[in-house]
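# Coordinate analysis (summary)
Spelled out from the first residue to the last, the chains are:
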Amino acid sequence: MNKNNQTYMAKRQDQQVKWFVFDAAGKTLGRFASEIAKILRGKHTPTYTPHADTGDGVIIINADKIKVTGAKEAQKVYHKYTHHIGGLRATPFRKMKEKKPEYIVEKAVKGMMPKTKLGRRQLKRLRIQASQSRHTQKAQQPILVNI
């Protein structure tokens, strides 16, 4: 059989994980999160295989400087349930941005990832820092990327 007509299937052991640093300052939340999810899944590479983990690692800095468009800053609400009767807790976007800005970006990216074992494994390569412009992952030798 002609080897040129075979479909390439990536294997995890053949992949080299690269790390990228993204600055979230002034970026729109949804558009920024979709770019991050694309890199975590590996869709930016020509060797993308849907069932294999071919993605790269992402470090996000300045998560507290992310913005949203329209009236979302006043209207967006984050919900969690405590598993007790009447345990629904609602936190507005503004308060969440003050308390846990990393959670805002993490939840947006997580919503764009597949809800499978593979998606959860790929999400483990996401590191988010709230306000510091210097990250702590020096050993990974990350590449600074500007979207």
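I will try to describe carefully the structure that is included in this document. Computed from a predicted structure; not experimentally measured. (Residues numbered from 1 in each chain as written. Predicted model: local features only at pLDDT ≥ 70, side-chain atom pairs only at ≥ 80, totals over all residues. Heavy atoms only, no water.)

In this structure, Ile36, Ile60, Val109 and Leu126 are the most contacted members of the largest nonpolar core, which totals 26 residues. Where this core is concerned, the elements lending two or more residues are β1 (19-23), α1 (29-41), β2 (57-61), α3 (93-99), α4 (101-111) and β5 (126-128). Those residues within four positions of Leu126 in sequence are excluded, and the remaining contacts are Ile36, Leu40, Val58, Ile60 and Val109. (Core = buried A, V, L, I, M, F, W, Y, C linked by side-chain atoms within 4.5 Å. Buried < 20%, exposed > 50% of the residue type's maximum accessible area, 1.4 Å probe, protein only. Helix = DSSP H or I, 4+ residues; strand = E, 2+ residues; numbered from the N terminus. Contact = heavy atoms within 4.5 Å.)

Another point: the pairing of strand β3 (residues 77-81). As paired strands, β3 and strand β4 (residues 88-92) are joined by five bridges and run antiparallel to one another. Bridging from a neighbouring strand, Tyr81 pairs with Leu88 of β4. In sequence, β3 turns back onto β4 through a hairpin of six residues, with His83 there showing a positive phi of about 65°. (Pairing = 2+ DSSP bridges.)

Let us now look at a positive patch on the surface. Together, Lys72, Lys76, Lys107, Lys110, Lys117, Arg120, Arg121 and Lys124 give the surface a local cluster of positive charge. Where the positive patch is concerned, the elements lending two or more residues are α4 and α5 (117-123). With three residues, α5 is the largest single contributor of residues to the positive patch. Tracing the backbone shows Lys124 in the loop between α5 and β5. (Patch = residues over 30% accessible without salt bridge, like charges linked within 9 Å, V, L, I, M, F, W, Y side chains within 5 Å. Areas by Shrake-Rupley, 256 points an atom, 1.4 Å probe, with all protein chains shown as cover. Salt bridge = Lys/Arg side-chain N within 4 Å of Asp/Glu carboxyl O. Lys, Arg positive; Asp, Glu negative; His and termini not counted. Charge placed at Lys NZ, Arg CZ, Asp CG, Glu CD.)

Glancing now at the packing of α1 against α4. Packing of α1 against α4 brings their axes to within 8 Å, and their N-to-C directions diverge by 60°. By the angle class used here, α1 and α4 are oblique. In the crossing of α1 with α4, the sense of the turn from one axis to the other is right-handed. Between α1 and α4, the residues in contact are Leu29, Ala33, Ile36, Ala37 and Leu40 and Ile104, Val105, Ala108 and Val109, respectively. (Axes fitted to C-alpha atoms, helices over the stretch in contact; angles between N-to-C directions. Parallel < 35°, antiparallel > 145°, perpendicular 65-115°, else oblique. Left-handed = near helix turned anticlockwise from the far one by under 90°.)

Checked against the element boundaries, Val58 lands in strand β2. Sequence separation between Val58 and Asn146 is 88 residues; the distance between their C-alpha atoms is 13 Å. Not counting residues up to four positions away in its chain, the partners in contact with Val58 are Trp19, Phe20, Phe22, Ile36, Ile39, Leu40, Arg125, Leu126 and Arg127.

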